Amino acid sequence: MQKHLIALKDAIPRPLWHDPEIMPEQLPPLESCETCELLIVGGGFTGLWAAMQAKERKPDIDIIIIEQTFVGDGASGRCGGFLNTSVAHGETNMEAQFPGEAEQLHELGTQNMKEFIETLERYNIDARYEQTGETEVALDPESALRQYDNYLSLKEEGEDVVWFDKDAIREQVNSPTFYSAIWYRDGQDGVIDPARLCWGLKDVLVNQLGVRIYEGTKLIKVKPLGTDRMRASCEGGVINSDKVLMATNAFTSSIGKIRRSVLPVWDYQISTEPLTDEQLDKIGWGKVSRHALGDFTNMFHYFRLTKDNRITWGGGGAVRYYFNNGIDMKYMNAEKRYEQLAKEFFQMFPQLDDIKFSNKWGGIIASSTRFCMVPGVAFDGRMAWSVGYTGHGVGATRFGARIGLELLGYDPTDVINMQFVTKKSLPWAPEPFRWLGVRLTQMALVRADKNGGKRGLWLQFLDKLGLGFTC
Ligand SMILES: Cc1cc2nc3c(=O)[nH]c(=O)nc-3n(C[C@H](O)[C@H](O)[C@H](O)COP(=O)(O)OP(=O)(O)OC[C@H]3O[C@@H](n4cnc5c(N)ncnc54)[C@H](O)[C@@H]3O)c2cc1C
């Protein structure tokens, strides 16, 4: 049997973060008719942060959250846990999509991150936060040259970045595939354990702030009730509320505008057993610094250490869009994708030839045509949403939740007049063009990666339309 198959043989098909030892008990589902001021649909980061901030803005607000399965079962409890300050998926995207607003968005992102960390401290939520910054590694000489140009520009702009040439990066983390790296070490970027964050927020909301959460409760339909209320029909009962915040991200929505804004993309991860000292010595990772890494390619991998020194490994060529917005659970455990990930892992770390993978799992990213969150409002301000974080939502969801609340009229600020909020997001094309477009783009991105990042005609065409993915 091949090395990567042997390593995967005993991996459990469950997110590493969903450790039964620490998983809280599931709360009972809705079984009656209820009323509240604010109904939040979705128990991921957006929904949980929305409830938290609504309570900060209006302590006596009566909130219900409904979650179709359990809190943290969506992308939030399945992600890589990379915590980034940017609310618009990086500087390049920010400038391309919202010209003139980059500085303000940067400040808002910094403020968001500060408040994020303060909340963890205030409520003693142990999300296993580590302030590692983010380190981007180049995997070929041409990309290293491009990366060096980026580094010089960043330095000129006064960014706190560190350059590692080939020898220097291999001293930090030793892979024969590394040619250079930039360490973005400013601010509070780092890594967390995402499920611990979900469950920490859930605990505070329910046990300290009086928020009612119904798990195992799916929203079927939501519509206006008279001129000033909303009526949500759910499995198990009905909820009448003044306002509704949709925090359903990649999951198929009954609201057309949300549905057309997001494209569900499956992303897969595997994680190793805790590395022994000997294995850590072989790659040097954690000796000098505990970098949180991503490679400088279009189809990038993201990989990090956990508190107990496992490596989680995701992204790369295993990312998939399935025809007609496929979110069926049959895509959740895609053996071929895990095999591909394991193969790619050994290409990067051939020294770890005796490593075993303990977990393997998938999750759904909501991609938008602007590659960052899409806020929206309907029914005279009675319903709002924040969806479509495009794989960059651990920090940004807190800001998305804030925008959703402000659109619903909870202490609105000038933020909701920014083009970041008011600019319409282009809807995704209908099928079969959607599938074809994604497929073509994915193939073009792979080709660009093989050519040291040089973008071919298709990507250049998308760039002209403002639809080229650059971050
Ligand atoms: C594999 C993977 C890795 C990622 N890695 C990173 C990373 O390292 N860093 C980063 O910044 N971002 C990452 N992301 C993206 C990030 O996880 C998301 O942007 C973020 O978690 C979105 O949070 P959310 O609350 O909006 O959505 P979700 O966490 O998906 O929550 C939506 C919730 O709504 C519920 N729901 C949907 N429909 C209904 C309904 N009808 N009724 C009731 N409930 C409903 C769902 O069950 C779900 O729990 C990753 C995503 C994936 C999938």
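Cut-off values and rules
- Residues numbered from 1 in each chain as written.
- Predicted model: local features only at pLDDT ≥ 70, side-chain atom pairs only at ≥ 80, totals over all residues.
- Pairing = 2+ DSSP bridges.
- Helix = DSSP H or I, 4+ residues; strand = E, 2+ residues; numbered from the N terminus.
- Axes fitted to C-alpha atoms, helices over the stretch in contact; angles between N-to-C directions.
- Contact = placed C-beta atoms within 7 Å.
- Parallel < 35°, antiparallel > 145°, perpendicular 65-115°, else oblique.
- Left-handed = near helix turned anticlockwise from the far one by under 90°.
- Nonpolar A, V, L, I, M, F, W, Y, C, P; charged D, E, K, R; others polar.
- Core = buried A, V, L, I, M, F, W, Y, C linked by C-beta atoms within 7 Å.
- Buried ≥ 20, exposed ≤ 12 C-beta atoms within 10 Å, placed from the backbone.
- Domains from an automatic or database assignment.
- Near = placed C-beta within 6 Å.
- Expected span 1.5 Å × (residues − 1).
- Arc of directions from axis to C-beta.

Observations concerning the sheet that holds strand β4 (residues 134–138)
Step number 1: The mixed open sheet is built from eight strands, whose spatial order is β5-β6-β4-β13-β14-β15-β12-β16. The open sheet terminates on both sides in strands that have one partner only, identified here as β5 (161–164) and β16 (357–367). Averaged over all adjacent pairs, the angle separating strand axes in this sheet is 20 degrees, with direction ignored.
Step number 2: Direction of pairing for strand β14 (residues 301–305) relative to strand β15 (residues 311–315): antiparallel, over a ladder of five bridges. The residue of β15 that forms the bridge with Arg304 is Thr312.
Step number 3: Contacting β4, β5 and β6 (180–184), helix α5 (residues 141–156) runs over the sheet at an angle of about 30 degrees to β6.

Topic: the packing of helix α13 (residues 433–450) against helix α14 (residues 457–465)
Step number 1: Remark: α13 packs on α14, axes separated minimally by 9 Å, with the N-to-C direction vectors making an angle of 115 degrees. Here α13 lies roughly perpendicular to α14, going by the angle between them. Of the two possible hands of crossing, α13 and α14 adopt the one that is left-handed. For the pair formed by α13 and α14, the contact residues are Leu440, Thr441, Ala444 and Ala448 on the first element and Trp458, Leu459 and Leu462 on the second.
Step number 2: Across the contact of α13 with α14, the residue classes break down as six nonpolar, one polar and no charged.

Quick word on the nonpolar core
Considering soluble globular proteins, one finds that nonpolar side chains tend to be buried as a cluster.
Step number 1: By size, the foremost hydrophobic cluster in this structure holds 125 residues, and its most contacted members are Ile40, Ala51, Ile63 and Leu245.
Step number 2: When residues are assigned to domains, this core turns out to be shared by domain 1 (3–17 + 129–192 + 263–367) and domain 2 (33–116 + 194–262 + 370–422), each giving three or more.
Step number 3: Setting aside its immediate chain neighbours within four residues, Ile40 contacts Gly47, Ala50, Ala51, Ile63, Ile65, Leu245 and Ala247.

Structural notes on the packing of helix α2 (residues 45–57) against helix α7 (residues 194–207)
When two helices pack together, you describe them by how their axes are tilted relative to each other and by the distance separating the axes.
Step number 1: In contact at an axis separation of 10 Å, α2 and α7 are set at 35 degrees when each is read in the N-to-C sense. Crossing handedness for the pair α2 and α7: left-handed. The residues of α7 that touch α2, namely those facing Phe45, Leu48, Ala51 and Met52, are Cys198, Leu201, Lys202 and Leu205.
Step number 2: Grouping the amino acids of the contact of α2 with α7 by side-chain chemistry returns seven nonpolar, no polar and one charged.

Brief notes about the domain arrangement of the chain
Step number 1: Looking at the chain, the domain boundaries give domain 1 (3–17 + 129–192 + 263–367), domain 2 (33–116 + 194–262 + 370–422) and domain 3 (433–465).
Step number 2: Taken together, the 26 residues of domain 1 in the interface contact 26 residues of domain 2.
Step number 3: Of all the secondary-structure elements, those providing two or more residues to the side of domain 1 that touches domain 2 are β7 (190–191), β12 (263–272), β14, β15 and β16.
Step number 4: Of the residues forming the side of domain 1 that touches domain 2, the biggest block, six residues, is contributed by β16.

Describing the site of the ligand
Step number 1: Lining the immediate environment of the ligand, one finds 41 residues, of which Gly42, Gly44, Gly74, Gly80 and Gly393 sit closest.
Step number 2: Contributing elements (two or more residues each) for the shell around the ligand: α2, β2 (63–67), β12 and β16.

Digging into α13
Step number 1: If you check α13, its first and last C-alpha atoms are 26 Å apart, about what 18 residues at 1.5 Å a residue would give, namely 26 Å.
Step number 2: Among the residues making up α13, those that are buried are Ala444, Leu445 and Asp449. For α13, the arc enclosing every buried residue in end-on projection is 140 degrees, short of the 170-degree limit, so these residues lie on one face. The exposed residues of α13 that point more than 90 degrees off its buried face are Leu436, Met443 and Lys450.
Step number 3: As for α13, its buried residues are in contact with α14.

A few points about unusual backbone geometry
Step number 1: At the junction of Glu431 and Pro432, the peptide bond is cis and its omega measures out at 5 degrees in the coordinates.
Step number 2: The topology assignment puts Pro432 in the loop between α12 (419–422) and α13.
Step number 3: Of note, the phi angle at Asn325 is positive, near 55 degrees, even though the residue is not glycine.
Step number 4: By the element assignment, Asn325 lies in the loop between β15 and α10 (335–348).
Step number 5: With a phi angle near 50 degrees, Asp380 is a residue other than glycine that sits in the positive phi range.
Step number 6: Structurally, Asp380 is set in the loop between β17 (374–378) and β18 (383–387).

Remarks on the pairing of β4
Step number 1: Of all five residues in β4, five are buried; the element is thus mostly enclosed.
Step number 2: Burial along β4 is two-sided: the residues Glu134, Glu136 and Ala138 and Thr135 and Val137 are all buried.
Step number 3: In the sheet, β4 pairs with β6 via five bridges, with the strands oriented antiparallel. Bridge pairing in β6 links Val137 to Ala181.

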